[in-house]
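# Chain and residue survey
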Amino acid sequence: MQEKNQENFKRELGLLDGTMLVVGSMIGSGIFIVSADIARQVGSAGWLTLIWLISGLITIIAAVSYGELSSMFPNAGGQYVYLKEAYNKLIAFLYGWSFFAVIQTGTIAAVGVAFSKFAAYLYEPLSDENILYELGDFKLNAAQIVSIVTIVLLTFINSRGVKNGKILQTVLTIIKILSLLGLIVFGLTLAAKSTVWDANWANTWETSKYVKDEGWLPISGSALIAGISAAMVGSLFSSDAWVGVTFIAGEIKNPKRNVGLSLFFGTFIVTVIYVLTNLMYLAVIPMNEIATAKSDRVAVVASQYIFGDSGAIIIAVMIMISTFACNNGLIMAGARVYYTMANDGLFFKKATVLNKFSVPAWALWAQCIWASALCLTGKYNELLDFVIIIVLIFYILTIYGIFILRKKMPDADRPYKAFGYPFLPLLYIVLASAISVSLLITKFSTCGWGILIMLIGIPVYYLTKPKEE
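Structure report, in brief. Given the structure is predicted, the values throughout are model-derived calculations rather than measurements. Sequence order as written defines residue numbering, which begins from 1 separately in each chain. Only residues with pLDDT of at least 70 get local features here, since the model is predicted, and only at 80 or more are side-chain atom pairs given and counted; chain-wide, interface and lining totals rely on the full set of residues. As a rule here, side-chain values cover all heavy atoms of the structure and leave hydrogens and water aside.

### Side note on the overall build of the chain
Each helix and strand counted, the chain has 20 helices and 4 strands in total. What you see for the chain is a C-alpha radius of gyration of 22 Å, in line with the 23 Å of a compact globule of 469 residues. Each principal axis of the C-alpha distribution contributes one length, and for the chain these read about 65 × 50 × 45 Å. Taken across its 469 residues, the chain has 60% of its residues classed as buried. Contacts are assigned to residue pairs that have any heavy atoms within 4.5 Å of one another. Taking as baseline every contact in the chain between residues at least 6 positions apart, the subset at least 24 positions apart corresponds to 81%. Accessible surface computed for the chain: about 18,700 Å², of which carbon and sulfur atoms make up 66%. Helical segments are the DSSP runs of H or I of at least four residues, strand segments are the runs of E of at least two, and each set is numbered from the N terminus. What the globule rule says is 2.2 Å times the number of residues to the power 0.38, and the radius of gyration is computed from C-alpha atoms. Buried residues are those whose accessible area, probed at 1.4 Å on protein chains only, stays under 20% of the maximum for their type, while exposed residues exceed 50% and partly exposed ones sit between those limits. Here, Shrake-Rupley sampling with a 1.4 Å probe gives the accessible areas, and only protein chains in the shown set may cover a residue.

### Digging into the pairing of strand β3 (residues 208-211)
When DSSP finds two or more bridges between two strands, those strands count as paired. In terms of strand pairing, β3 meets strand β4 (residues 215-218) through 4 bridges, oriented antiparallel. Across the sheet, residue S208 finds its bridge partner in β4, namely P218. Here β3 folds back onto β4, and the loop between the two strands holds 3 residues, one of which, D213, carries a positive phi near 75°.

### Quick look at the environment of I252
Here I252 is to be found in the loop between α12 (244-247) and α13 (255-284). Between the C-alpha atoms of I252 and P410, which are 158 residues apart in sequence, the distance is 26 Å. If near-sequence neighbours (up to four positions away) are discounted, I252 is found in contact with R11, L13, V245, N258 and V259.

### Looking at the packing of aromatic side chains
Geometry of aromatic contacts follows a simple scheme: Phe, Tyr and Trp rings, the Trp one being its six-membered ring, pair when their centres are within 6.5 Å, and the pair is stacked under 30 degrees between planes, edge-to-face over 60, tilted otherwise. Going through the model one piece at a time under the given rule, you end up with 27 aromatic pairs. A centroid spacing of 6.0 Å and a plane angle of 85° characterise the contact between Y66 and Y395, whose relative ring orientation is edge-to-face. Of the two residues, Y66 is situated in helix α5 (residues 45-72) and Y395 in helix α18 (residues 380-408); the sequence distance between them amounts to 329 residues. Both residues of the pair, Y66 and Y395, belong to the buried class. Each ring, one from F93 and one from Y461, has its centre 5.4 Å from the other, and the planes form 45°; the classification is tilted. On the criterion of sequence distance, the pair formed by F93 in helix α7 (residues 89-122) and Y461 in helix α20 (residues 444-464) is long-range, its members being 368 residues apart. By the burial criterion, F93 is buried, and Y461 matches it.

### Looking at the side chain of T207
Mapped onto the elements of the fold, T207 is located in the loop between α10 (194-200) and β3. Taking relative accessible area as the criterion, T207 reaches 13% and is therefore assigned buried. Within polar-contact distance, the side chain of T207 engages the backbone oxygen of I219 at 2.9 Å. Excluding residues within four positions of it along the chain, T207 makes contact with V42, W47, P218, I219 and L224. Polar contact is defined as a pair of N or O atoms within 3.5 Å, subject to the rule that within protein one atom must be able to donate a hydrogen and the other to accept it, and that residues adjacent in sequence are counted only when both atoms are side-chain atoms.

### As for the pattern of salt bridges
Note on definitions: salt bridges are taken to be side-chain nitrogens of Lys or Arg within 4 Å of carboxyl oxygens of Asp or Glu. Overall, the coordinates contain 7 salt bridges when judged by the stated rule. A salt bridge links R40 to D296, with the shortest nitrogen-to-oxygen separation between them at 2.9 Å. Residue R40 is found in helix α4 (residues 35-42), and its partner D296 is found in the loop between α14 (287-291) and α15 (298-307); the two are separated by 256 residues along the sequence. Each member of the pair, R40 together with D296, is buried. For D413, the salt bridge goes to K256, with nearest N and O atoms at 3.3 Å. Linking D413 in the loop between α18 and α19 (423-442) with K256 in helix α13, this pair joins segments that are 157 residues apart in sequence. What makes K256 partly exposed here is its relative accessible area of 34%. Salt bridges sharing partners connect three or more residues here, namely D37, R40 and D296.

Following this line, the structure appears as structure tokens:
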């Protein structure tokens, strides 16, 4: 049944399209915002840069490890399929359940909320302060409506065929990359000041935490570990969503080769851009202003230094393009996971149906409805916390799955093998586990909810799985 349905997908995406899907899905709003929180948590140029670099390297290690799995199972569903093959249907279902409940839809909602925040720069009535309707504690604001409208529009575009989504993704992502590179180049050539750079790097590794009304307070020991963990939530979230290209493998030409290459090229390009962007921030903006940027919009502060008063408008347009392309990639890829789960009897049967454009339209609209509902919470930072903890847990399980499958299927065709195996995959597992444990300890109030949602999937699985199993 599944193989038959897989054949109905049209392989219309090449290596460039796959790479642009990775880059476009990764670069959303994070690089423009989260450096402020990282600066507040660790307080030094060295640590700010190192946290972005570590997050990037961890992401690249994970991506090149996934290359082996994508070459073994080059069909729609990606990570869900890898977990099913390495473990069992329960683990795969818990991933799919978490993916639909929080990971993908929560990310789509967070990116949609970010889009609306910057749209309000251009037209004030679109802000979250414009309350349209109140019922008890619930308040519906204009920004939430904007977020939902963008998600509905992108879902409609993607329901009309993968070709439409592909063209939009590639064009917007190229604009996004050129815009970010332009910001970096103009920042380093027009606005960089040696006095700012020297002051920011004067105490390269001296860690401190910024507390409102108290200023900078030195931190060390457990407080430093907590600060680094909290800081890495934003950078890891900003470096996430690269896995989307594996979900859409059923529509990629020569997937055994192109999925793995798309993963490597995409994550490498984004890591370089992220590190360069932060070096530009440090050359243009004093550390104190990075930490205290209004609404954490560091890129707005940088663009005002670079372009003057028009900087805010320039960056608002850039971020709207960036978040729009990001959500296009997330929406396009996510529905393929529900399609594959449904073929295994683990999601609504209607998700197996491909429309006349050969895309799983019902799955797209189900994703759209739930992501739109999550937009109504409007809490960007809390969404980040409980998305990232589940994401890390399943990345750890998936990469450990490489070790399991090497024993379980020693003779399977592996056109591409995990780079640096077993050392790099093992390094990822150790680092990601340490970050996860630290997050659970330091941010239990939000990360704990993520774990709870995942665990609720266990009784749901046993209550809903097909009786014949």
